[in-house]
Amino acid sequence: MALTDRAYLKDLLSRHGFTFSKAMGQNFLINPSVCPRMAEFGGASEGVGVIEIGPGVGVLTQQLAERADKVVCIELDERLPPILAETLADYDNVEIILGDVMEVDLEKIIAERFAGMPVYVCANLPYYITTPILMRLLEAKLPIEAVTVMVQKEAAQRLCAEPGERECGAISAAVWYFSEPKPLFSVSAGSFMPAPNVDSAVIRLDIRKEPPVSPKNEKLMFEVVKGAFSQRRKTAANAISSYLKKDKSEVIKLLESCGLDPAVRAERLTLSDFAAIADAFEAV
Ligand code: SAM
């Protein structure tokens, strides 16, 4: 019986005495068309390894395991592995690691479980930690090809917005620096049990081999980005000067030396602008 069948899923959960945890962001997919599409778009195919974050009861996992050579899932909720043992009984290419994705050693998991294989990440993310999870995956510079994730629709817009576009934020700069993001498709709130308050969307981040800009000090560039977006209503110069505890007139001079309007706001700055500002800071 399909895990997307509402009555079957309810029965499965009640047999295991399972109740949804809001704190762990548990909204399980019950729309039968979503998981096959996510698995296809996510790169699950012959010869490939997939990491899934938060398998829940395994509805997406089944689709990934049908297509990829190996699937490793990281699940925080200790009540789920007994359910997964039942729902994934037909698959011998799935491993469940009980743990917090923010704490497990992803480098080690990739090296040990997927040696010699291209690796993809595919997940319906717990929405309460979407940004920290994506930052963890991107900043660690893991040897992965792409990250395909379901996130809240608004988050999807922000994540895919190129720096310099109105919807962008600090996270957009990191996403564009480390990857090429692409919106894939929308998913209505009714596709989940329980239904969340907002619609969702699936996006794919193709990991870049080389970043599009080369700041002398990458860490400093991201400090400048964080600073610029820390107070969106202020000018970038104001926000950067208070975040980095620098004199405002000094920051204005730096922006001018990069050919930028000193009254510019963070959302108008491109990645090249951020790299240039960071290099100017590095030089003084
Ligand atoms: N993949 C399933 C689906 O699509 O129906 C479940 C998705 S549900 C939105 C998020 C899943 O992430 C839940 O299974 C939840 O227990 C798990 N989770 C929450 N926080 C986590 C964390 N820090 N590390 C690993 N898994 C986590």
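Residues numbered from 1 in each chain as written. Predicted model: local features only at pLDDT ≥ 70, side-chain atom pairs only at ≥ 80, totals over all residues. Heavy atoms only, no water.

Caption draft 1: Summary view of the pairing of strand S2 (residues 49-53). Extensive coverage of S2 is indicated by the burial of five of its five residues. In terms of strand pairing, S2 meets strand S3 (residues 70-75) through five bridges, oriented parallel. When the sheet's bridge partners are listed, glutamate 52 is paired in S3 with cysteine 73. In this sheet, strand S5 (residues 119-124) lies alongside S2 in parallel orientation, the contact comprising three bridges. The residue bridging glycine 49 from the neighbouring strand is valine 119, located in S5. (Buried < 20%, exposed > 50% of the residue type's maximum accessible area, 1.4 Å probe, protein only. Helix = DSSP H or I, 4+ residues; strand = E, 2+ residues; numbered from the N terminus. Pairing = 2+ DSSP bridges.)

Caption draft 2: Quick look at unusual backbone geometry. Going from methionine 193 to proline 194, the amide bond is cis rather than trans, its omega being -15°. Locating proline 194 in the fold gives a position in the loop between strand S8 (192-193) and strand S9 (200-207). For lysine 141, which is not a glycine, the phi torsion comes out positive at approximately 50°. Relative to the helices and strands, lysine 141 is located in the loop between helix H6 (130-139) and strand S6 (146-152). One non-glycine residue, lysine 245, lies in the positive phi region at around 55°. With respect to the helices and strands, lysine 245 occurs in the loop between helix H10 (236-243) and helix H11 (248-257).

Caption draft 3: Local environment of H10. Buried residues of H10: Ala236, Ala237, Ala239, Ile240 and Ser241, and no others. Looking one or two places after H10, you find lysine 245, whose phi comes out positive at around 55°.

Caption draft 4: Region of interest: the site of the ligand. Taken together, the neighbourhood of the ligand is formed by 24 residues, with Leu29, Gly54, Glu75, Asn124 and Tyr128 sitting nearest. For the ligand, a nitrogen atom lies 3.4 Å from a polar atom in the side chain of glutamate 52. The contact in question runs from an oxygen atom of the ligand to an N or O atom on the side chain of asparagine 124, over 2.8 Å. The protein chains hide 99% of the 600 Å² of surface that the ligand would expose on its own. Residues belonging to the shell around the ligand are distributed by class as follows: 13 nonpolar, seven polar and four charged. (Near = heavy atom within 4 Å. Polar contact = N/O pair within 3.5 Å; in protein donor to acceptor, adjacent residues only side chain to side chain. Areas by Shrake-Rupley, 256 points an atom, 1.4 Å probe, with all protein chains shown as cover. Nonpolar A, V, L, I, M, F, W, Y, C, P; charged D, E, K, R; others polar.)

Caption draft 5: Expanded view of the nonpolar core. Of all hydrophobic cores here, the largest spans 68 residues; its most connected members are Leu137, Val147, Met221 and Phe281. Counting residues domain by domain, this core receives three or more from each of domain 1 (6-207) and domain 2 (218-283). Leaving out residues up to four positions away in the same chain, methionine 221 has contacts with Tyr177, Val213, Pro215, Leu271, Phe274, Ala275 and Ala278. Formed by 38 residues, the second largest nonpolar core is a distinct cluster that contains Val34, Val59, Val71 and Phe185. (Core = buried A, V, L, I, M, F, W, Y, C linked by side-chain atoms within 4.5 Å. Domains from an automatic or database assignment. Contact = heavy atoms within 4.5 Å.)

Caption draft 6: Quick look at the packing of helix H9 (residues 218-230) against H10. Where H9 meets H10, the closest approach of the two axes is 7 Å, and the angle between their N-to-C directions is 115°. Between H9 and H10 the crossing geometry is right-handed. Counting all contacts with H9, which are made through Glu223, Val224, Lys226, Gly227, Ala228 and Ser230, the residues of H10 involved are Ala236, Ala239, Ile240 and Tyr243. A breakdown of the residues in the contact of H9 with H10 according to their chemical character gives six nonpolar, two polar and two charged. (Axes fitted to C-alpha atoms, helices over the stretch in contact; angles between N-to-C directions. Left-handed = near helix turned anticlockwise from the far one by under 90°.)

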